[in-house]
Amino acid sequence: MTAKEIRQAFLSFFESKQHHVVPSAPIVVKNDPTLMFTNAGMNQFKDLFLGEAAIKYSRVADTQRCLRVSGKHNDLEEVGIDTYHHTMFEMLGNWSFGDYFKKEAIAWSWELLTEVYKIPKEKLYVTYFEGDEKEGLEKDQEAYDLWKQYVDESHILPGNKKDNFWEMGDTGPCGPCSEIHVDCRTDEEKALVDGATLVNADHPQVIEIWNNVFMQFNRLKDGSLQSLPAKHVDTGMGFERLVRVLQEKTSNYDTDVFQPMIQFISDKAGIKYGADEKTDIAMRVMADHIRAISFVIADGQLPSNNKAGYVIRRILRRAVRYAYTFLNFKEPFLNQLVPLLAEQFKGVFDELISQQDFVQKVVLEEEVSFLRTLSTGIQRFEKYQASNNVVEGGFAFELSDTFGFPIDLTELMAREKGWSVDLNGYEQALKKQKDDSRAATAIDTGDWIVVNAEDQSEFVGYDDLEIETEILKYRKVKAKGKEQYQIVLRQTPFYAESGGQVGDTGRLEDHSRQFWVDITDTKKENGLTVHFADILPDNLEGKFWAVVDEDKRVLTEDNHSATHLLHAALKQVLGKHVNQKGSLVNADYLRFDFSHFAKVTDEELAQIEVIVNQKIRQNIKLKEQRNVPYQDAIESGVTALFGEKYGDFVRMITFDDHFSKELCGGTHVKATGQIGSFKIVSESAVAAGVRRIEAITADKAEQFFLDQRKELGHLKALLNGSKDLSASVQALLDENAKLKKEIEKSTIERVNTLKHEIVHHVRGINGINLIAKHIDLQSAEAVKNLAFSLKDMIDNLFLVFTTEIDGKPGITVMLSDHLVKKGLNASNIVRELGKEIQGGGGGQPFYATAGGKNPAGLKVVLEKAESFITQQQ
């Protein structure tokens, strides 16, 4: 079976068991502060397990793109080295939300593996949770008994809490799990060692392929377990490992999931795969990493220097390092794998082929930048002087952190020089950075405390900005030393930060409306609307008025609706290739990032502004459609954003059916006329192929025009009320240019005069011609020209000028080439003399300058000049 056939067989099997097949969620996580990337198949269903969202389908199946390179699940340094670790991988899963449980999950997993995929039963081992006395957890006897119906007892193995009790995190849903392992060793190897002894022992050929998690408990902050109101099934099967088993390979990388890319790399490098372990690892790293890089970029996360952007940049640089060091790719190459990958996933994850050109150009730009950095790092290493032939750990860490060098590359370059690397020092520096990073981002979150009977929280803020409501639950959180409370309301008019729109602020008033707490922010967490407050109301159980700050909401809506008009105008002016790549919408301004590969010209910006303002003046009424079937919306020609997770039903926002129609959950103006006016204030580059426009609307745009008018009036006053400002300013510029030429002419004449005067005041000291003089010139360029003129006229010249330009003291040192060859250095001399004026400087061995703060020291500078000559003697 091919990889595509294997994937489809899984989905079709569970579809036949009444499972609803859902698409993969984006690999980049939004609205969950605990995650940057989807690292497990269950992430997109987290709110269902927590009981924070309504269950639409009680049985679900999918294949989910996952990424594990940071935090608890960090496999990055293993990727490419062994046969089965990956950065991005697919997790095939079947799920039950309060429907079936252990009996069906175990039966169906065995049926699929042995009857559909036809894996020999004797190759399979299963595990069950053996219990944990300290936790008060009994052995999972039910799972054990169920497995005995299908599996010989010698192949049913107990597992400890580490291997057979799955937890989402330090808190949250958890439960015992039952894994399925497959023994891929040869018959000869099996005869020597019993496979049961190798399960969960990190043997490369005895591997886990499926995990059935039985969600029964909720882990509280104090470590205790409470039973969940409903029991769930959460399963995951590693797609790449499954393909390896079914295609009878000894490595995931030998399957048709990776081999097309590996063979492409091999051909381009001119190095046969399988010839050398080092080059094999490099090819595997590249084939693996390009998958993670491409899908993360396609989902809207660009490489950057912080958070998720830094993680993907680090993965990309690791791939480029291996290509550079072991495959001799000195020019950008990784980007050439993107089209191959896009074609491979066509019909499975089409977001990549839809954005192929964009993703490839972003990768190319990152490669160009990093290869430049890598070259700089190598030069830095070549200049490094090792003490006792040992590279300091701090320097090795700097090469890694700043220039992207893996420690093994630093060790390789060190060995070539006969040096070693202080690995303990490197590890200490690395640990300190990680500890500092964790401390900076640490959030201490308490358990939810229920106030009123739990119910689904409902957002009503599209229609109301003030409602009567109740507090469902609250918890205390502490981040960066500040304590706050998070509050969940039964109904809320507060919009939670999402889709680029900031969260609402406002007040939670008691029923008497005499006392209140300020709501400082509103965010989403796994689909739950969470309100932030510095304090809690005195009485939590009463009725409350939830009141949104209307002024801020209205201004935010102005900017949000303007982004929709801007997006449509960009497509109209620049082309249909334009797609939103990020946005920020608040009460003050809007920021809109979009795909485009050239600077937007002033003429294009003006045209875009005109279109948006025309649509504002037309006062187009908002057409809002809620609960539209997703496929119907797509077929209507709506704009959907890459990297967003859309449900089966969506909300459509339209301003003119033939102009702007987008899927959006944000709040908007009732008609475009409310926006008032629209003004672009900046256009810039964000990353390769991504531009950014910042703009203002409503009162901010009005104030901008008032300020411009005021500034124009001031200019007219300065120009004596001129009616033709352009002509008046041009006249001033012409006059200024004329005066500059006259000053330049005067300065040249002054330099010539000084040159001939100074020549007659040269002092000869032991064959060296000394000039030490204060020069009255008000241009640093003139001083430089004078020094070079004298160098051409006088042999063995040792020149020191002092100056005071605009009240700032300066020093110039010029040496003849002969004196430089004898060991004198102008740069060293000027740095020493600079101390007298409380300053510093530098330059070249024959010419250097310095500036400072203390003009009184200039006299001492001239007195000290001669001492450098006498020292030379």
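## Here's the deal with the overall build of the protein chain
Here comes step 1: The helix and strand inventory of the protein chain stands at 25 helices and 38 strands.
Here comes step 2: Each principal axis of the C-alpha atoms in the protein chain carries an extent, and together these give about 110 × 75 × 55 Å.
Here comes step 3: Counting only residues that meet the buried cut, the protein chain has 51% of its 873 residues in that class.
Here comes step 4: Pairs at least 24 apart in sequence give 68% of the contacts found in the protein chain among residues at least 6 apart.
Here comes step 5: Put simply, the protein chain shows about 41,300 Å² of open surface, and 47% of that area lies on carbon and sulfur atoms.

## Quick look at the sheet that holds strand β28 (residues 623–629)
Here comes step 1: Spatially, β28-β29-β30 is the arrangement adopted by the 3 strands of the open sheet, whose pairing is antiparallel. The open sheet has two edge strands with one neighbour each: β28 and β30 (660–663). The average undirected angle you get between the axes of adjacent strands in this sheet is 20°.
Here comes step 2: Where β28 meets strand β29 (residues 649–655), 5 bridges bridge the pair, whose relative direction is antiparallel. Residue pairing in the sheet places K623 in a bridge with T654 of β29.
Here comes step 3: The strands touched by helix α17 (residues 550–574) are β29 and β30; relative to β30, the strand with the most contacts, the crossing angle is about 115°.

## Some details on the packing of aromatic side chains
Here comes step 1: Applying the stated criterion to the full structure yields 31 aromatic pairs.
Here comes step 2: With a centroid separation of 5.4 Å and 50° between ring planes, the pair formed by F45 and F97 is classed as tilted. Remark: F97 occurs in strand β5 (residues 88–97) and F45 occurs in the loop between β1 (20–21) and α2 (46–49); sequence separation between them is 52 residues. Taken individually, F45 and F97 each receive the classification buried, so the pair is uniform in this respect.
Here comes step 3: Ring geometry for F101 versus F214: centroids 5.6 Å apart, planes at 65°, classification edge-to-face. Of this pair, F101 sits in the loop between β5 and α3 (102–116) while F214 sits in strand β10 (residues 206–219), placing them 113 residues apart in sequence.
Here comes step 4: Residue classification places F101 among the buried positions, given a relative accessible area of 14%.
Here comes step 5: Grouping aromatic residues by their ring pairs yields a cluster made of F10, F13, F14 and W210.
Here comes step 6: Sitting over the ring of W448, K473 keeps its end group 4.9 Å from the ring centre.
Here comes step 7: For R507, the ring lying beneath its charged end belongs to W516, and the centroid distance is 3.9 Å.

## A few points about the side chain of T556
Here comes step 1: Tracing the backbone shows T556 in helix α17.
Here comes step 2: Contact partners of T556, with chain neighbours within four places excluded, come to Q501, V502, V585, N586 and A587.

## Quick word on the sheet that holds strand β25 (residues 544–548)
Here comes step 1: One open sheet holds the 4 strands; their spatial order is β17-β25-β21-β22, and the pairing between them is antiparallel. On the outer flanks of this sheet lie β17 (466–469) and β22 (516–519), each paired with one strand and no other. Direction aside, neighbouring strands of the sheet carry axes that sit 20° apart on average.
Here comes step 2: Where strand β21 (residues 506–510) meets β22, 4 bridges bridge the pair, whose relative direction is antiparallel. Across the sheet, R507 pairs through a bridge with D518, a residue of β22.

## Let's talk about the pattern of salt bridges
Here comes step 1: Inspection of every chain in the model, using the stated rule, returns 43 salt bridges.
Here comes step 2: Residues R59 and D99 are paired through a salt bridge, measuring 2.8 Å at the closest nitrogen-oxygen approach. In this pair, R59 sits in strand β2 (residues 59–67) while D99 sits in the loop between β5 and α3, placing the two residues 40 residues apart along the sequence.
Here comes step 3: Ionic pairing is found between R651 and E624, a salt bridge with its closest N-O pair at 2.7 Å. Taken together, the positions of R651 in strand β29 and E624 in strand β28 put the pair 27 residues apart, joining distant regions of the chain.
Here comes step 4: On the basis of relative accessibility, which here comes to 28%, the residue E624 falls in the partly exposed class.
Here comes step 5: Taken together, the shared-partner salt bridges in this structure form one network comprising E135, K161, E167 and R219.

## What to know about the packing of helix α1 (residues 3–15) against helix α7 (residues 239–246)
Here comes step 1: Between α1 and α7, whose axes approach to 10 Å, the crossing angle comes to 115°. It follows from the interaxial angle that α1 and α7 lie roughly perpendicular. α7 is crossed by α1, and the crossing has right-handed handedness. Two secondary-structure elements touch here, α1 through A3, I6 and R7 and α7 through F239, L242, V243 and L246.
Here comes step 2: Here the contact of α1 with α7 is composed, by residue class, of 6 nonpolar, no polar and 1 charged.

## As for unusual backbone geometry
Here comes step 1: Positioned with a positive phi, N619 is a non-glycine residue whose angle comes to about 50°.
Here comes step 2: When you line up the elements, N619 lands in the loop between α18 (602–617) and β28.
Here comes step 3: The class for N619 is partly exposed, based on a relative accessible area of 43%.
Here comes step 4: Positive phi values are uncommon outside glycine, yet N627 reaches one of about 55°.
Here comes step 5: In this fold, N627 is placed in strand β28.

## Re a nonpolar patch on the surface
Here comes step 1: Where nonpolar side chains cluster on the molecular surface, the patch consists of L712, L715 and L718 and spans about 270 Å² of accessible area.
Here comes step 2: Note that L715 resides in helix α20 (residues 698–718).

## Regarding the nonpolar core
Looking at soluble globular proteins, one finds that nonpolar side chains tend to be buried together.
Here comes step 1: Formed by 117 residues in total, the largest nonpolar core has its most connected members in L113, Y117 and L334.
Here comes step 2: Counting residues per element, this core draws most heavily on helix α9 (residues 277–298), at 13 residues.
Here comes step 3: Residues within four places of L113 in sequence aside, it is in contact with K118, I119, L124, I180, I209, W210, M237 and L242.
Here comes step 4: Ranked by size, the runner-up nonpolar core spans 30 residues in total, among them A562, V578, F594 and I616.

## Quick notes on α3
Here comes step 1: The terminal C-alpha atoms of α3 lie 20 Å apart, and with 15 residues this matches the ideal 21 Å at 1.5 Å per residue to within 8%.
Here comes step 2: K102, A105, I106, A107, W108, S109, W110, L112, L113 and T114 are the residues of α3 that are buried.
Here comes step 3: Two residues or fewer after α3 comes K118, characterised by a positive phi angle close to 60°.

Cut-off values and rules
- Residues numbered from 1 in each chain as written.
- Predicted model: local features only at pLDDT ≥ 70, side-chain atom pairs only at ≥ 80, totals over all residues.
- Heavy atoms only, no water.
- Helix = DSSP H or I, 4+ residues; strand = E, 2+ residues; numbered from the N terminus.
- Buried < 20%, exposed > 50% of the residue type's maximum accessible area, 1.4 Å probe, protein only.
- Contact = heavy atoms within 4.5 Å.
- Areas by Shrake-Rupley, 256 points an atom, 1.4 Å probe, with all protein chains shown as cover.
- Pairing = 2+ DSSP bridges.
- Axes fitted to C-alpha atoms, helices over the stretch in contact; angles between N-to-C directions.
- Phe/Tyr/Trp six-rings, centres within 6.5 Å; stacked < 30°, edge-to-face > 60°.
- Lys NZ or Arg CZ within 6 Å of the ring centre and 35° of its normal.
- Salt bridge = Lys/Arg side-chain N within 4 Å of Asp/Glu carboxyl O.
- Parallel < 35°, antiparallel > 145°, perpendicular 65-115°, else oblique.
- Left-handed = near helix turned anticlockwise from the far one by under 90°.
- Nonpolar A, V, L, I, M, F, W, Y, C, P; charged D, E, K, R; others polar.
- Patch = residues over 30% accessible without salt bridge, like charges linked within 9 Å, V, L, I, M, F, W, Y side chains within 5 Å.
- Core = buried A, V, L, I, M, F, W, Y, C linked by side-chain atoms within 4.5 Å.
- Expected span 1.5 Å × (residues − 1).

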